[in-house]
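So the chains spell out like this:
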Amino acid sequence: MQKIKSLMTRQGLKSPPESLSDFGAIESLRVPGKEEFRELREQPSDPQAEQELINSIEQVYFSADSFDIVKYELEKLPPVLNLQELEEYRDKLKQQQAAVSKKVADLILEKQPAYVKELERVTSLQTGLQLAVVICTNGRRHLNIAKEGFTQASLGLLANQRKRQLLIGLLKSLRTIKTLQRTDVRLSEMLEEEDYPGAIQLCLECQKAASTFKHYSCISELNSKLQDTLEQIEEQLDVALSKICKNFDINHYTKVQQAYRLLGKTQTAMDQLHMHFTQAIHNTVFQVVLGYVELCAGNTDTKFQKLQYKDLCTHVTPDSYIPCLADLCKALWEVMLSYYRTMEWHEKHDSEETFSASEGSNVIATEETNFDRGYVKKKLEHGLTRIWQDVQLKVKTYLLGTDLSIFKYDDFIFVLDIISRLMQVGEEFCGSKSEVLQESIRKQSVNYFKNYHRTRLDELRMFLENETWELCPVKSNFSILQLHEFKFMEQSRSPSVSPSKQPVSTSSKTETLFEQYCSGGNPFEIQASHKDEETEDVLASNGYESDEQEKSAYQEYDSDSDVPEELKRDYVDEQTGDAPVKSVSRETLKSRKKSDYSLNKVNAPILTNTTLNVIRLVGKYMQMMNILKPIAFDVIHFMSQLFDYYLYAIYTFFGRNDSLESTGLGLSSSRLRTTLNRIQESLIDLEVSADPTATLTAAEERKEKVPSPHLSHLVVLTSGDSLYGLAERVVATESLVFLAEQFEFLQPHLDAVMPAVKKPFLQQFYSQTVSTASELRKPIYWIVAGKAIDYEQMLLLMANVKWDVKEIMSQHNIYVDALLKEFEQFNRRLNEVSKRVRIPLPVSNTLWEHCIRLANRTIVEGYANVKKCSNEGRALMQLDFQQFLMKLEKLTDIRPIPDKEFVETYIKAYYLTENDMERWIKEHREYSTKQLTNLVNVCLGSHINKKARQKLLAAIDDIDRPKR
């Protein structure tokens, strides 16, 4: 198509679009007529042939406009012209021209509709332009009229109005500048009023306004002045922030935080706050200690102010040590409370800001606020541990400045009380276990307590050696919780109660110290001792809790001759321990057996002054353990030594008898023997007890051991009238049992504070030591039972009896009456002793059991001494024993009679045949070799021959051989 257009150009033709561009000549544009189009279209056409003709046109014909076709064709002519060739070439050119013309005609006809449409649009455009020319002409005409209508005065009025507006704006600016210059006075007033947010807001607004009028020369100096004022505000703001550390005020802190938020320095404020808290801790402890040091020094010497805190602590005197420590902890509490309330403030305001931010739409501002809030939260959480560590180090330095061993026990407990409360504060403050304080106070406490415990053991030995084992009269409702030393176990936790007086366990839901004292008060306020205000109402008068009880005990039964004299006393319920009541019937008293010797006293615990002192010591030990739980194991170990030494002393004084084990009755269990051996090896210094002159030297070498105690010479255990010191033995033994019961009562409390890894020690102590206390009754009362009745006299009487009688006797022998008289005399002596000391039912049962057991074994021994015995003699033995049992059952209510089968079985063995006798010997090894041998020898001749005798003796020898 481009080639055709170029060729048309060479031929002087124009394309329709190009010809349309000349609007001036658009009317003179020649459009081919219909005839011409028809001629071109009527010519025979072969599109392919025509296209080939067009393609055969030389390329040069389609070149630039400057191409000269005529010249080009003339130059192509050969030197020698040939008419025929020229004509042929001319025809060819004509054909090519005709093909191009036809092609152009076809294209024109094809674009004819578009051409017509475009021509109409051009015509419409020409009409619109003519209308625009008319409008412009009218506008210019009206403008000329308006210009001619206005005067110079009108334009002057407008100029004056504009000038007036400019002058009003200038006046407003001047007034603003004047206000800015007077701002410093208002800023000073706001700073004095501590309105830091308002001052900063005003200063920032002034700076913004100053930047608006910076084109005035007077504003540059004002800008510098405002900047200096802002820096001054920041300095005062920092001072205000430091005041928060000692006395937190919500309104004050809110203003400070708002001020820092306006400055955009929230993070900087938090960094400064932690620095101020650290500085406040240092300054506070230094000023407190310095005040006490200067007060005790009694002069105004300034040399103490130049000392380091560590050196200053060494100048605190013992008299002022505890008050100074209390004030030190009170001051540190104020700092920690301020930090706690600071965190509370941020938690509350963070939640409020989060809620308000969720309602807003400023995403960028919310993200910045969240970032600052996260930074503040992490900084505060990290600061908890840091501040507590600083507090611990300051208190530890103070504690190390003085040797705590110089203090008395109560003062030392008070120091531990304060430190324990401080550690409780630390645990609630940041969840820390106070490792620094614990390690420091633990070392000093263990050293102090070792020395204290050693002194108490020596005192206990002195008490035991001077103890006369008289009953300490206490009321029937006596409880160790009534003693001052155990008040801490029953008092509820309250702000006015110190930790040493608080219960071991409290309810799971309790207020923290910070919650209790958040609004005021201080957990380190020194409380007055409650001992001066309270009295211990635990002692009874003459064994009766009141005079009315003593009178009522005699009133109803004074004239009752049927009631034994020993029962004409106040009747007390054995199980409940209630006071005497007048409504008890005479039959009730008669029904009581004579073996119940607890009727003559109120059923109060049996204990001595030494027992009470040991219990008080246990209470003091538990106070220390409750205050400082890390040393719980050491304290419980020392408590166990108190019990061990008391138990060992009771056994040494009243139960040690080498002849006991020879009886073969198993009076001392293997557990008791093991316990006694352990105590002797671990606690008793036998060398010191053997050589009193070496006591001091040996005590230094064996600090963990104590010399064995010696019974006071005032205690007589050899008098038959007093049943060989039965009253003293009862008081001593039952006081030990009572002490064991108190340890059992305290076991849950001890178990609660004992570390888990050390609990096996506590369990072993209770299972192997405390539980063996009641087992001492057997060996101790066995000694009384062995001497109270003359068993040797009974053997002599039995030796004079003739047992080879030929007829059955109806009268028992006199040795039975003699033995029963011994028991009656024993019963009377027991009654006399019971007038001094209440004999509990287990004790009387043990005594009667021992006496009866010894009597029955003496009977068997007497029967074993018989040389000759007939069947009638064996029947007499049974008659004697049955008479003894019948009379004995009236004296005691012990059922069954101990070793009754032991005697009856031995008597009946006389009738056994040879085979039954051999089997019986092998099954009954409880009898001695002498008793078995005598049984065989007595049976010889009656129903056992010599050969059988030898066989039975050989069996006895086989049984006895392992015992040798």
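Per an unreviewed UniProt entry, the chain carries the name VPS50 subunit of EARP/GARPII complex and comes from Sciurus vulgaris.

**A few points about the overall build of the chain**
When its secondary structure is counted, the chain shows 38 helices and two strands. The 964 residues of the chain split such that 43% are buried. The contacts of the chain with a sequence gap of at least 6 include a subset with a gap of at least 24, amounting to 79%. Summed over its atoms, the accessible surface of the chain is roughly 52100 Å², and 51% of this surface lies on carbon and sulfur atoms.

**Some words on the packing of aromatic side chains**
Throughout the structure, instances matching the rule amount to 37 aromatic pairs. Ring geometry for phenylalanine 248 versus tyrosine 253: centroids 5.4 Å apart, planes at 45°, classification tilted. Centre to centre, the rings of phenylalanine 902 and tyrosine 927 are 4.4 Å apart; their planes meet at 20°, and the pair counts as stacked. In this pair, phenylalanine 902 is assigned in helix H35 (residues 900-908) and tyrosine 927 in the loop between helix H36 (914-923) and helix H37 (929-939), connecting sequence segments 25 residues apart. The exposure classification of phenylalanine 902 matches that of tyrosine 927, with both residues buried. Following the ring pairs from residue to residue traces out a cluster consisting of Phe277, Trp333, Tyr339, Tyr340, Phe429, Phe514 and Tyr517.

**Details of the side chain of arginine 777**
Along the chain, arginine 777 falls in helix H30 (residues 777-788). Setting aside its immediate chain neighbours within four residues, arginine 777 contacts Thr733, Glu734, Val737, Trp782, Pro842, Val843, Thr846 and His850.

**A look at the packing of helix H24 (residues 632-655) against helix H29 (residues 759-768)**
Closest axis-to-axis distance for the H24/H29 pair is 11 Å, and the angle between their directions is 15°. Viewed along their axes, H24 and H29 adopt a mutual orientation that is roughly parallel. Seen from above, H24 lies across H29 with left-handed handedness. Along the contact surface, H24 presents Phe633, Ile636, His637, Ser640, Phe643 and Asp644, while H29 presents Phe761, Leu762 and Phe765. By residue class, the composition of the contact of H24 with H29 is six nonpolar, two polar and one charged.

**Overview of the nonpolar core**
Among the nonpolar cores identified, the biggest contains 225 residues, and Tyr398, Met622, Phe643, Leu726, Phe823, Tyr863 and Phe884 are the most heavily contacted of them. Residue contributions to this core peak at 17 residues, all from helix H15 (residues 318-359). Residues contacting phenylalanine 884, with those up to four places away along its chain left out, are Val816, Leu819, Leu820, Phe823, Ala855, Asn856 and Ile859. If you look at the next biggest cluster of nonpolar residues, it comprises eight residues, including Ile57, Tyr61, Phe67 and Val104.

**Things to note about the pattern of salt bridges**
Note that side chains of opposite charge can pair when their charged atoms are close. Applying the stated criterion to the full structure yields 27 salt bridges. Here arginine 442 makes a salt bridge to aspartate 634, at a shortest N to O gap of 3.3 Å. Here arginine 442, found in helix H18 (residues 435-466), pairs with aspartate 634, found in helix H24; they are 192 residues apart in sequence, far enough to count as distant. A relative accessible area of 17% means that aspartate 634 is categorised as buried. Between arginine 616 and glutamate 485 there is a salt bridge, with its nearest N and O atoms 3.1 Å apart. Here the residue arginine 616 occupies a position in helix H23 (residues 609-627), and glutamate 485 occupies one in the loop between H18 and helix H19 (487-490), the gap between them amounting to 131 residues.

**Some points on unusual backbone geometry**
Residues arginine 895 and proline 896 are joined by a peptide bond in cis, for which omega reads -5°. Along the polypeptide, proline 896 turns up in the loop between helix H34 (871-891) and H35. Despite not being glycine, tryptophan 469 has its phi angle at roughly 60°, a positive value. Of note, tryptophan 469 is situated in the loop between H18 and H19. With phi around 60°, aspartate 899 is a residue other than glycine that occupies positive phi space.

**Looking at helix H12 (residues 250-263)**
With 14 residues, H12 ought to run about 20 Å at 1.5 Å a step, and its terminal C-alpha atoms sit 20 Å apart, in line with that. Of all the residues in H12, the buried ones are His252, Tyr253, Thr254, Val256, Gln257, Ala259, Tyr260 and Leu263. Measuring from the backbone nitrogen of asparagine 251 back to the side-chain oxygen at the start of H12 gives 3.3 Å, which picks out aspartate 249 as the cap. Directly after H12, the chain includes glycine 264, whose backbone phi takes a positive value near 75°.

**Topic: a negative patch on the surface**
A cluster of like negative charges, contributed by Glu344, Glu347, Glu381, Glu511 and Glu515, occupies part of the molecular surface. Within the fold, glutamate 347 resides in helix H15.

**Describing helix H17 (residues 409-430)**
The end-to-end C-alpha distance of H17, which contains 22 residues, comes to 31 Å, matching closely the 32 Å that a straight helix rising 1.5 Å per residue would cover. Judged by how many residues are buried, H17 sits mostly within the fold: 16 of 22 residues are covered. Downstream of H17 by a residue or two, glycine 431 has a phi angle that is positive, lying close to 75°.

**So, the state of the cysteines**
In a disulfide, the sulfur atoms of two cysteines are held together by a covalent bond. Enumeration according to the criterion identifies zero disulfides in this entry. Residue cysteine 329 stays outside any disulfide, its sulfur separated by 9.5 Å from that of cysteine 324, the closest cysteine.

**Some points on the confidence of the model for the chain**
Regions with low pLDDT should not have their predicted coordinates read in detail. Per-residue confidence for the chain gives a mean pLDDT of 78; residues scoring 70 or more make up 76%. Contacts from residues 11-31, a stretch scored under 50 in pLDDT, to residues over four places away or in other chains number 14 contacts. Between residues 492-508, whose pLDDT stays under 50, and residues either more than four places distant or in other chains, the model counts 41 contacts.

**Here's the deal with the packing of helix H32 (residues 814-836) against helix H33 (residues 841-864)**
Here H32 crosses H33 at 165°, and the two axes come no closer than 12 Å. Judged by the inter-axis angle, H32 sits roughly antiparallel to H33. Considering only the axes of H32 and H33, their crossing is right-handed. Packed against H32, whose contacting residues are Tyr815, Leu819, Phe823, Phe826, Asn827 and Leu830, the element H33 presents Leu847, Trp848, Cys851, Ile852, Ala855, Ile859 and Tyr863 at the interface. For the contact of H32 with H33, the residue count by class is 12 nonpolar, one polar and no charged.

**Details of a nonpolar patch on the surface**
A cluster of nonpolar residues, Val70, Leu74, Leu77 and Leu81, forms a patch on the protein surface that exposes about 380 Å² of accessible area. Secondary-structure assignment places valine 70 in helix H5 (residues 69-76).

**Quick look at the side chain of arginine 874**
One can find arginine 874 in helix H34. Buried and unpaired, arginine 874 has no salt bridge, with glutamate 872 as the nearest side chain of opposite charge at 10 Å. Each residue touching arginine 874, except ones within four places of it in the same chain, is listed here: Cys869, Tyr906, Ile907, Tyr910, Tyr911, Leu935 and Val938.

**Focus on the environment of glutamate 439**
Relative to the elements of secondary structure, glutamate 439 occurs in helix H18. Spatially, the C-alpha atoms of glutamate 439 and proline 630 are 8.7 Å apart, while their sequence positions differ by 191 residues.

Conventions we followed
Residues numbered from 1 in each chain as written. Predicted model: local features only at pLDDT ≥ 70, side-chain atom pairs only at ≥ 80, totals over all residues. Heavy atoms only, no water. Helix = DSSP H or I, 4+ residues; strand = E, 2+ residues; numbered from the N terminus. Buried < 20%, exposed > 50% of the residue type's maximum accessible area, 1.4 Å probe, protein only. Contact = heavy atoms within 4.5 Å. Areas by Shrake-Rupley, 256 points an atom, 1.4 Å probe, with all protein chains shown as cover. Phe/Tyr/Trp six-rings, centres within 6.5 Å; stacked < 30°, edge-to-face > 60°. Axes fitted to C-alpha atoms, helices over the stretch in contact; angles between N-to-C directions. Parallel < 35°, antiparallel > 145°, perpendicular 65-115°, else oblique. Left-handed = near helix turned anticlockwise from the far one by under 90°. Nonpolar A, V, L, I, M, F, W, Y, C, P; charged D, E, K, R; others polar. Core = buried A, V, L, I, M, F, W, Y, C linked by side-chain atoms within 4.5 Å. Salt bridge = Lys/Arg side-chain N within 4 Å of Asp/Glu carboxyl O. Expected span 1.5 Å × (residues − 1). Polar contact = N/O pair within 3.5 Å; in protein donor to acceptor, adjacent residues only side chain to side chain. Patch = residues over 30% accessible without salt bridge, like charges linked within 9 Å, V, L, I, M, F, W, Y side chains within 5 Å. Lys, Arg positive; Asp, Glu negative; His and termini not counted. Charge placed at Lys NZ, Arg CZ, Asp CG, Glu CD. Disulfide = S-S within 2.5 Å. pLDDT = per-residue confidence, 0-100.

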